Amino acid sequence: MTETIFAKIIRREIPADVVYEDDRCLAFRDVNPQAPVHILVVPKQPIARLIDAGENDEALLGHLLLVANQVAADHGIGEAFRVVVNNGAGVGQSVFHLHLHILGGRSFTWPPG
Ligand code: 5GP
């Protein structure tokens, strides 16, 4: 896949406000936050879109969700937060390196826009 800005953030070639890191993923604050807490959880393995993940990525995908739980709890939104994955430009994906948006700290409407 084509390298994205997230690969540069993972390699620390460009700065980001990193809030969590382990051997499989990195979490950092979104540069254009849509809520008081808006953190991206990004696998270090470059997968472009959720649909590009396969059976070999099953454990990684589960890990990203558990990290989302941890990040939300660490930022005081563990009881009410939203996890968003935009898959494809048609629904708003702009960076083609899989990422979970963790959003919280305000109320949200449903269905999402
Ligand atoms: P998408 O639209 O692909 O679902 O989400 C991409 C997100 O990455 C957007 O919310 C955007 O604000 C964020 N983003 C894009 N470039 C950067 C960057 O260089 N640093 C950080 N921290 N976030 C970024």
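Let me sum up the structure you'll find in this document. Everything numeric in this text was worked out from a predicted model, so none of it was measured.

1. Description of the side chain of His99
Consideration 1: Mapped onto the fold, His99 is located in the loop between β4 (81–84) and β5 (100–104).
Consideration 2: Classification of His99 by relative accessible area gives buried; the value is 7%.
Consideration 3: Polar side-chain contacts of His99 include one of 2.7 Å to the backbone oxygen of His97.
Consideration 4: Once residues lying within four places of it in the same chain are set aside, the contact partners of His99 are Phe6, Leu40, Val41, Val42, Val84, Val85 and Gln93.

2. Section: the nonpolar core
Consideration 1: Ile39, Val41, Leu64, Leu100 and Ile102 are the most contacted members of the largest nonpolar core, which has 17 residues in total.
Consideration 2: The set of elements that each furnish at least two residues to this core consists of β2 (25–29), β3 (37–43), α2 (58–74) and β5.
Consideration 3: Counting residues per element, this core draws most heavily on α2, at six residues.
Consideration 4: If we skip the residues at most four places from it in the chain, Leu100 touches Ile39, Leu40, Val41, Leu64, Leu65, Ala68, Val83, Val84 and Val85.
Consideration 5: By size, the runner-up hydrophobic cluster in this structure holds eight residues, among which are Ile9, Ile10, Phe28 and Leu40.

3. Points about the site of the ligand
Consideration 1: For the ligand, the set of nearby residues contains 16 residues, the closest of which are Asp30, Asn86, Gly92, Ser94 and His101.
Consideration 2: Between the ligand and Val95 there is a distance of 3.0 Å, counted from an oxygen atom to a backbone nitrogen or oxygen.
Consideration 3: Listed by contribution, the elements that provide at least two residues to the shell around the ligand are α1 (5–10) and β2.
Consideration 4: Among the elements that line the shell around the ligand, the one with the most residues is α1, at three residues.
Consideration 5: The residue inventory of the shell around the ligand, partitioned by class, reads seven nonpolar, seven polar and two charged.

4. Observations concerning the pairing of strand β1 (residues 18–21)
Side-chain direction in a regular strand flips from residue to residue, so the side chains alternate between the two faces of the sheet.
Consideration 1: Bridge analysis of β1 against β2 gives three bridges, and the strand direction is antiparallel. Residue pairing for β2: Tyr20 is matched across the bridge by Ala27.

5. What to know about the sheet that holds β5
Note on sheets: strands pair through backbone hydrogen bonds, and any given pair is parallel or antiparallel.
Consideration 1: If you trace the five strands from one edge of the open sheet to the other, you get β1-β2-β3-β5-β4, paired in antiparallel fashion. Two strands in the sheet have a free side with no partner beyond their single neighbour: β1 and β4. Taking each pair of neighbouring strands and ignoring which way they run, the sheet shows an average axis angle of 20°.
Consideration 2: Alignment of β3 against β5, held across five bridges, turns out to be antiparallel. Bridge pairing in β5 places Ile39 opposite Ile102.
Consideration 3: Packing of α2 onto the sheet brings it into contact with β1, β2, β3, β4 and β5, and relative to β3 it is tilted by some 155°.

6. Some remarks on the pairing of β3
Consideration 1: Among the seven residues that make up β3, seven are buried, leaving the element largely enclosed by the rest of the structure.
Consideration 2: Where burial is concerned, the two faces of β3 agree: the one with Val37, Ile39, Val41 and Pro43 and the one with His38, Leu40 and Val42 are both buried.
Consideration 3: Two strands pair when backbone bridges link them, and β2 and β3 are joined in this way by five bridges, in the antiparallel orientation. Within β3, the residue paired with Ala27 across the bridge is Val41.

Rules of the game
- Residues numbered from 1 in each chain as written.
- Predicted model: local features only at pLDDT ≥ 70, side-chain atom pairs only at ≥ 80, totals over all residues.
- Heavy atoms only, no water.
- Helix = DSSP H or I, 4+ residues; strand = E, 2+ residues; numbered from the N terminus.
- Buried < 20%, exposed > 50% of the residue type's maximum accessible area, 1.4 Å probe, protein only.
- Polar contact = N/O pair within 3.5 Å; in protein donor to acceptor, adjacent residues only side chain to side chain.
- Contact = heavy atoms within 4.5 Å.
- Core = buried A, V, L, I, M, F, W, Y, C linked by side-chain atoms within 4.5 Å.
- Near = heavy atom within 4 Å.
- Nonpolar A, V, L, I, M, F, W, Y, C, P; charged D, E, K, R; others polar.
- Pairing = 2+ DSSP bridges.
- Axes fitted to C-alpha atoms, helices over the stretch in contact; angles between N-to-C directions.

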